[in-house]
Amino acid sequence: MTFEQSEQSSYQPSDQELRSGKISMAGFLKEGQTLKQVLERDEQALRMLGYTAQEVADLLGPVTEGVANGGNFEYTAPNGKQYEVRVQTWLGSQRCPWRDKVDWRRSSGAMDMYFTEKGKGGEPVHIAGLVRHLVEKHGFFEGSSYRVAPETIVEMFGIEKIPGSLEKVKKIKL
Ligand SMILES: [Zn+2]
């Protein structure tokens, strides 16, 4: 794990910096939200789900690495669900607010993914490429429009380890 440690930085972003228009136009937090609130809500959610942040990030691993090959593709998640993945790439790259160096092949700040489960309609689920890094290094699932709750990732790609936990966790407010 020496590679991962070398990615760590000691910089700590302020709540103000994480709001819109600072380091990200959309912002990592909503107005009035604090980083502490978001982290605590999601720590509680993870405990109830029986997952660690790393395990949730690992659910995103195969798909974010697939994206590095470019283009849209079909993806079968570890739980067997099948998705159409549309990839949008950007010229600029969203940097980690903690100012770490991020390996783009693992978690790219220059792309967004849109998932539609095959055979099901509805709005695609949007997951930014940087989310895998934010989750595994910072336990941060974001608070603003780019937020993807831990229970959403587990439901999409993983399995419910504790029966009934997904429904319970969805009720925890942020
Ligand atoms: Zn980081």
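Residues numbered from 1 in each chain as written. Predicted model: local features only at pLDDT ≥ 70, side-chain atom pairs only at ≥ 80, totals over all residues.

## Points about unusual backbone geometry
Inference 1: Phi at Arg-99 is positive, roughly 65°, even though this residue is not glycine.
Inference 2: Mapped onto the fold, Arg-99 is located in the loop between strand E2 (82-89) and strand E3 (111-117).
Inference 3: Its identity is not glycine, yet Glu-142 carries a phi of approximately 70°, on the positive side.
Inference 4: Among the structural elements, Glu-142 can be located in the loop between helix H5 (131-138) and helix H6 (150-157).
Inference 5: What makes Glu-142 buried here is the crowd of 24 C-beta atoms within 10 Å. (Helix = DSSP H or I, 4+ residues; strand = E, 2+ residues; numbered from the N terminus. Buried ≥ 20, exposed ≤ 12 C-beta atoms within 10 Å, placed from the backbone.)

## Description of the packing of helix H4 (residues 53-67) against H5
Inference 1: Running from N to C, H4 and H5 cross one another at 155°; their axes reach a closest spacing of 8 Å. Regarding the angle of H4 to H5, the classification is roughly antiparallel. Note that H4 runs across H5; the crossing there is left-handed. Where H4 approaches H5, its residues Ala-53, Gln-54, Val-56, Ala-57, Leu-60, Gly-61 and Thr-64 are matched on the opposing element by Val-131, Arg-132, Val-135 and Glu-136.
Inference 2: Residues that form the contact of H4 with H5 fall into these classes: 6 nonpolar, 3 polar and 2 charged. (Axes fitted to C-alpha atoms, helices over the stretch in contact; angles between N-to-C directions. Parallel < 35°, antiparallel > 145°, perpendicular 65-115°, else oblique. Left-handed = near helix turned anticlockwise from the far one by under 90°. Contact = placed C-beta atoms within 7 Å. Nonpolar A, V, L, I, M, F, W, Y, C, P; charged D, E, K, R; others polar.)

## A word on the packing of H4 against H6
Inference 1: Two elements in contact, H4 and H6, have axes separated by 10 Å at closest approach and are oriented at 50°. The angle between H4 and H6 places the two elements in the oblique class. Classified by chirality, the crossing of H6 by H4 is left-handed. Counting all contacts with H4, which are made through Val-56, Leu-59 and Leu-60, the residues of H6 involved are Pro-150, Ile-153, Val-154 and Phe-157.
Inference 2: A breakdown of the residues in the contact of H4 with H6 according to their chemical character gives 7 nonpolar, no polar and no charged.

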